[in-house]
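# Structural overview for review
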Amino acid sequence: RPPRSTQGVSSAASDVYKRQVSTQSTWDLIQMKILILCLFIACISGGIIPFVDMWEEIKDAKCMTETIKSFSLRVYQGIGKVEPNFVKNYNLLKNSKVNITVYMLPSLKVGVEKQVADIMAVLKDKKILSMMSIVVEGKDWSKDTKKNVEFLKSLVAEFTKNKLMLAIQTEAGAWTRIMGQSTDFSKLLLWWVKHDKNPEPVKYKAFGGWKAPFAKQFGSANLCENSVGQNSHYTDQSTNTKYLRLSLIHI
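So, a few notes on the structure that sits alongside this text. (Residues numbered from 1 in each chain as written. Predicted model: local features only at pLDDT ≥ 70, side-chain atom pairs only at ≥ 80, totals over all residues. Heavy atoms only, no water.)

## A few points about the nonpolar core
Let me state the cut-off plainly: For the purposes of this section, nonpolar cores are sets of buried Ala, Val, Leu, Ile, Met, Phe, Trp, Tyr and Cys residues that join through side-chain atoms within 4.5 Å. Only protein chains enter the accessibility calculation, which uses a 1.4 Å probe. A residue is then buried if its area is under 20% of the maximum for its type, exposed if over 50%, and partly exposed in between. When checking whether two residues touch, look at their non-hydrogen atoms; a contact exists if any pair is within 4.5 Å.
If you look at the biggest cluster of nonpolar residues, it comprises 52 residues, and the most contacted ones within it are Leu-123, Met-132, Leu-152 and Phe-159. The residues contacting Phe-159, other than those within four sequence positions of it, are Met-104, Val-116, Ile-119, Met-132, Ile-134, Leu-164 and Leu-166. The next biggest cluster of nonpolar side chains, apart from the first, holds nine residues, and it includes Phe-51, Leu-189, Trp-191 and Phe-214.

## Re the pattern of salt bridges
Let me state the cut-off plainly: Throughout this description, the term salt bridge denotes a Lys or Arg side-chain nitrogen within 4 Å of a carboxyl oxygen of Asp or Glu. Secondary structure is summarised from DSSP: a helix means a run of H or I of at least four residues, a strand means a run of E of at least two, and numbering begins at the N terminus for each.
Summed over the entire model, instances satisfying the criterion amount to eight salt bridges. Lys-161 serves as the salt-bridge partner of Glu-158, at 3.3 Å between the closest nitrogen and oxygen. Taken together, the positions of Glu-158 and Lys-161, both in helix α5 (residues 145-161) and three residues apart, correspond to about one turn of that helix. Owing to a relative accessible area of 61%, Lys-161 belongs among the exposed residues under this scheme. Taken together, the shared-partner salt bridges connect Glu-150, Lys-153 and Asp-184 into one network.

## Some remarks on α5
Three or four residues apart is the spacing at which side chains of an α-helix point the same way, because the helix has 3.6 residues per turn. The line we're drawing: Helices are assigned an expected span. That span is 1.5 Å times one less than the residue count. The term polar contact refers here to a pair of N or O atoms within 3.5 Å; inside protein, the definition further demands a hydrogen-donor-capable atom paired with an acceptor-capable atom, and it admits residues adjacent in sequence only when both atoms are side-chain atoms.
Helix length check: α5, at 17 residues, gives a terminal C-alpha distance of 25 Å against a target of 24 Å (1.5 Å per residue), a fit within 8%. Two to three positions downstream of the cap, the backbone nitrogen of Lys-146 sits 3.0 Å from a side-chain oxygen, assigning the N-cap of α5 to Asp-144. Directly beyond the C-terminal end of α5, a positive phi value near 60° is found at Lys-163.

## Notes on the layout of surface pockets
Our working rule: Cavity and pocket criteria rest on a 1 Å grid covering protein atoms alone: a 1.4 Å probe that fits but cannot get out defines a cavity, protein on both sides within 12 Å along at least 5 of 7 lines defines an open pocket, and an atom within 4 Å of a point defines a lining residue. Grid points are joined across faces, edges and corners, and a volume is the space filled by probe spheres set on the points.
Size it by volume and the second largest pocket reaches roughly 280 Å³. If you go around the second largest pocket, you meet 16 residues; those closest to its centre are Arg-74, Leu-105, Val-135, Glu-137 and Gln-169.

## Quick word on the state of the cysteines
What counts is decided by this rule: Two cysteine sulfurs form what is called a disulfide whenever their separation falls within 2.5 Å.
This model, assessed by the stated rule, comprises one disulfide. At a sulfur-sulfur separation of 2.0 Å, the disulfide partner of Cys-63 is Cys-224. Across the S-S bond of Cys-63 and Cys-224 the torsion is about -70°, and the bridge reads as left-handed. With Cys-63 in helix α2 (residues 61-67) and Cys-224 in the loop between β8 (215-223) and β9 (226-234), this residue pair connects regions lying 161 residues apart in the sequence.

## Side note on the side chain of Gln-169
Within the fold, Gln-169 resides in strand β6 (residues 166-170). Residue Gln-169 is classed as buried on the basis of its relative accessible area, which comes to 5%. If we skip the residues at most four places from it in the chain, Gln-169 touches Ile-134, Val-135, Val-136, Glu-137, Trp-191, Val-193 and Gln-217.

## Some points on helix α6 (residues 172-179)
To keep things clear, this is the line we draw: Directions drawn from the helix axis to the C-beta atoms are what define this arc.
All of the buried residues along α6 are Ala-174, Trp-175, Ile-178 and Met-179. Seen end-on, α6 carries its buried residues on one side only, within an arc spanning 100°. As for α6, its buried residues are in contact with α5 and β6. Its side-chain oxygen at 2.9 Å from the backbone nitrogen of Gly-173, Glu-171 defines the N-terminal cap of α6. Gly-180, located one to two residues past α6, shows a positive phi value of around 65°.

## So, the pairing of strand β7 (residues 189-193)
Here is the key point about a regular strand: its side chains alternate between the two faces of the sheet. So the rule is basically this: One requirement defines pairing of two strands: DSSP has to find at least two bridges between them. Place the viewer so that the strands point away; then a crossover is right-handed whenever the path from the first strand over the helix to the second strand goes clockwise.
Counting buried residues in β7 gives five out of five residues, a clear majority hidden from the surface. Residue alternation in β7 divides its side chains into two sets, Leu-189, Trp-191 and Val-193 and Leu-190 and Trp-192, and both sets are buried. One ladder, built from four bridges, connects β6 with β7; its direction is parallel. Bridge assignment links Ile-168 to a residue of β7, and that residue is Leu-190. Note on the crossover from β6 through α6 to β7: the handedness is right-handed. Two elements, β7 and β8, share three bridges in a ladder whose sense is parallel. What sits directly across from Trp-191, in β8, is Ala-215.

## What to know about the packing of α5 against α6
What counts, and what does not: Geometry is summarised by axes, namely lines fitted to C-alpha atoms with helices restricted to the contacting stretch, and by angles between N-to-C directions that run from 0 to 180 degrees. Working definition: roughly parallel below 35 degrees, roughly antiparallel above 145 degrees, roughly perpendicular at 65 to 115 degrees, and oblique for all remaining angles. Residues are grouped as follows: nonpolar covers Ala, Val, Leu, Ile, Met, Phe, Trp, Tyr, Cys and Pro; charged covers Asp, Glu, Lys and Arg; every other residue, Gly included, is treated as polar.
Following both chains from N to C, one finds α5 and α6 inclined at 100°, their axes separated by 7 Å at the closest point. One finds that α5 runs roughly perpendicular with respect to α6. Listed contacts from α6 to Thr-145, Asn-148, Val-149 and Leu-152 of α5 are Trp-175, Thr-176, Arg-177, Ile-178 and Met-179. Residue classes in the contact of α5 with α6 are distributed as five nonpolar, three polar and one charged.

## Some points on the pairing of strand β2 (residues 70-77)
Of all eight residues making up β2, eight are buried, and the element is well covered by its neighbours. As judged from the three bridges shared by strand β1 (residues 48-54) and β2, these two strands associate in the parallel manner. Opposite Val-52, over in β2, you have Phe-71 as the bridge partner. Sheet topology note: the β2/strand β4 (residues 99-104) ladder contains six bridges and is parallel. Opposite Leu-73, over in β4, you have Val-102 as the bridge partner. Pairing of β2 with strand β3 (residues 81-82) involves two bridges; the strand directions are antiparallel. Residue pairing for β3: Tyr-76 is matched across the bridge by Val-82.

Structure follows, in structure tokens:
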């Protein structure tokens with residue numbers, strides 16, 4: 001007796017899997033849209049604006065720009081190179097009515113002047129004048145906090161020459177481990193990281209000299225087939241209003 005064909009079974013299983021993936025993706029998108037709607041309502045009543053940060057190449061720009069209107073794109077990798085997806089993502093977004101800022105993962109293995117020069121070459125080429133957020137997290141830092149502070153001072157000074165507004169993205173534990181008790185950067189805006197699924201700055205405890213954050217990364221999600229960070233801008237402080245006026249580039 002010839003063996004029974006499994007082609008139909010494999011095809012059926014594949015169809016079931018595809019339906020499950022499609023259903024999950026649809027549900028993720030619905031959840032994100034509900035969250036964004038809630039944030040916009042909060043914005044009207046309390047000054048919160050939602051945005052996402054991302055590094056992957058955008059897979060569905062139409063879906064993305066219909067769902068969210070503010071983006072922070074990674075422009076530099078911690079390995080010391082310009083993010084290859086940055087230009088691709090910018091080009092996908094540039095004809096939509098969205099706001100764009102940028103962030104970087106600095107590298108202690110590459111000179112400060114070269115890092116800033118490489119980033120500014122990309123930004124100027126695209127005629128982008130934006131907020132630059134510097135991420136102070138991760139393991140690619142010196143164990144010597146004084147060395148890290150001096151490196152960050154040099155990086156901030158070099159960016160300041162190019163007239164970019166600056167923010168620091170970090171959380172209390174990472175800041176203390178990397179920068180010790182330094183308050184040298186408290187005049188920059190704080191993009192606070194606290195993955196508690198709450199878009200509001202609740203339970204914030206001052207560190208690094210920052211009395212309050214201008215933004216918060218409160219989680220991560222799948223949006224339009226991409227992994228993104230979930231964030232909120234807070235607009236009820238004068239510094240935040242200044243940030244939104246000068247640095248959210250409408251394209």
